[in-house]
Amino acid sequence: MQPTANPIIHIVDDDPSVRSGLVRLFESMGWAARSFDSALAFLQNYRPVDAGCIILDVQMPEMSGPQLQELLLTHGILLPVIFLTAHGDLPTGIRAMKHGAIDFLQKPVDEKNLFEAIEQAVARHAAARRSREQSEQVMLRISRLSRREREVMEHMLRGLLNKQIADCMAISMTTVKKHRARVMEKMQAGSVAELVHLCEQAGLGATRS
């Protein structure tokens, strides 16, 4: 199996032998690995930069693995979670998966299953980061629109023609065309279909008439 380029695998486990063993294993696969002896230590040192995932124990002092998973979700941290535990039970596993965990694995773990889960997690994280970055870029472009341009764009997203937009806004067709051209330029869209797609990426849109 070829490792995904430059992922960082975060290991959160209060057992030092587990942490050191996993670090050696992951580094032998070409992955960078960082280990933490508690959920709090992870939170204090985590930097949301490179694609990666977190290998997370369930039972730990101060904050459990499931509690950390819920905290990550609450704060919008996209890092995918793979649980690896010697103390798993069915209700905990089901809850973890419902909250988006990639897998819920038991110690001692089969390396093949662990590697497959990591590849899936890293790919998901990279895709989620790309999606967020694209959305932020679109929102930046939208912020550069004037109030009138934003209003014209909203009508465009509804599928209105220039004459209909002019009637809705009580402005001339010439003015609509000027606003429309500036919208397309500032949004860096080559067509209305592309504009709709960009706005959907940012979670914006309107019901087409």
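Details of the structure are given in the entry above.
Residues numbered from 1 in each chain as written. Predicted model: local features only at pLDDT ≥ 70, side-chain atom pairs only at ≥ 80, totals over all residues. Heavy atoms only, no water.

1. Some details on empty space enclosed by the protein
The following threshold applies: Cavity: a set of points on a 1 Å grid over the protein atoms alone where a 1.4 Å probe fits but cannot get out. Pocket: an open set with protein on both sides within 12 Å along at least five of seven lines, its lining residues, like those of a cavity, having an atom within 4 Å of a point. Grid points are joined across faces, edges and corners, and a volume is the space filled by probe spheres set on the points. Helix numbers and strand numbers start at the N terminus; a helix is a DSSP run of H or I with at least 4 residues, a strand a run of E with at least 2. Under the grouping applied here, Gly and all other residues not named as nonpolar or charged are polar, the nonpolar ones being Ala, Val, Leu, Ile, Met, Phe, Trp, Tyr, Cys and Pro and the charged ones Asp, Glu, Lys and Arg.
Within this structure, the stated rule accounts for one cavity of 30 Å³ or more. Estimates place the volume of the largest cavity at around 40 Å³. Mapped by element, the contributors of at least two residues to the lining of the largest cavity are α3 (65-74) and α4 (90-98). Each residue belonging to the lining of the largest cavity can be placed in one class, and the counts come to two nonpolar, three polar and two charged.

2. Structural notes on the layout of surface pockets
Here the largest pocket is characterised by a volume of approximately 180 Å³. Contributing to the lining of the largest pocket are 14 residues, with Leu73, Leu78, Leu79, Pro80 and Gly100 lying nearest its centre. Broken down by secondary-structure element, the contributors of at least two residues to the lining of the largest pocket are α3 and α5 (111-143). Here the residues of the lining of the largest pocket sort into nine nonpolar, four polar and one charged. Of the voids in this model, the second largest pocket is the one considered here, and its volume is about 150 Å³. The wall of the second largest pocket is formed by Tyr46, Pro48, Gly76, Ile77, Leu78, Leu79, His125, Arg129, Arg132, Glu133 and Glu136. Taken together, the residues of the lining of the second largest pocket sort by class into five nonpolar, two polar and four charged.

3. Describing unusual backbone geometry
Note the threshold: Exposed residues in this analysis have more than 50% of their type's maximum accessible area, buried residues have under 20%, and partly exposed residues fall in between, with area computed by a 1.4 Å probe over protein chains only.
With an omega of -10°, the peptide bond between Lys107 and Pro108 qualifies as cis. Mapped onto the elements, Pro108 comes out in the loop between β5 (103-106) and α5. Non-glycine residue Gln188 carries a positive phi angle of around 55°. Here Gln188 is to be found in the loop between α8 (173-187) and α9 (192-201). With relative accessibility at 48%, the residue Gln188 sits in the partly exposed group.

4. With respect to the sheet that holds strand β1 (residues 8-12)
Inclusion rule: At least two DSSP bridges between two strands are required for those strands to pair. Fitted lines through C-alpha atoms give the axes, limited to the stretch in contact for helices. The angle between two N-to-C directions lies from 0 to 180 degrees.
If you walk across this open sheet you meet the five strands as β2-β1-β3-β4-β5, and the pairing is parallel. Edge positions in the sheet fall to β2 (32-36) and β5, since each has one partner strand and no second. Neighbour to neighbour, the strand axes of the sheet diverge by 20° on average, direction disregarded. Examined bridge by bridge, β1 and β2 share five bridges and lie parallel to one another.

5. Some thoughts on the packing of aromatic side chains
Short version of the rule: Any pair of Phe, Tyr and Trp rings, taking the six-membered ring for Trp, is counted once the centres come within 6.5 Å. Such a pair is stacked with planes under 30 degrees apart, edge-to-face with planes over 60 apart, and tilted for the rest.
Evaluated as defined, the whole model comprises five aromatic pairs. When the ring of Phe26 is compared with that of Trp31, the centres are 6.0 Å apart and the planes differ by 75°; the resulting orientation is edge-to-face. Neither residue differs from the other here; Phe26 and Trp31 are each classed as buried. When the ring of Trp31 is compared with that of Phe115, the centres are 5.7 Å apart and the planes differ by 65°; the resulting orientation is edge-to-face. With Trp31 in the loop between α1 (16-28) and β2 and Phe115 in helix α5, this pair connects stretches of sequence that are 84 residues apart. Chaining the aromatic ring pairs together yields one cluster made of Phe26, Trp31 and Phe115.

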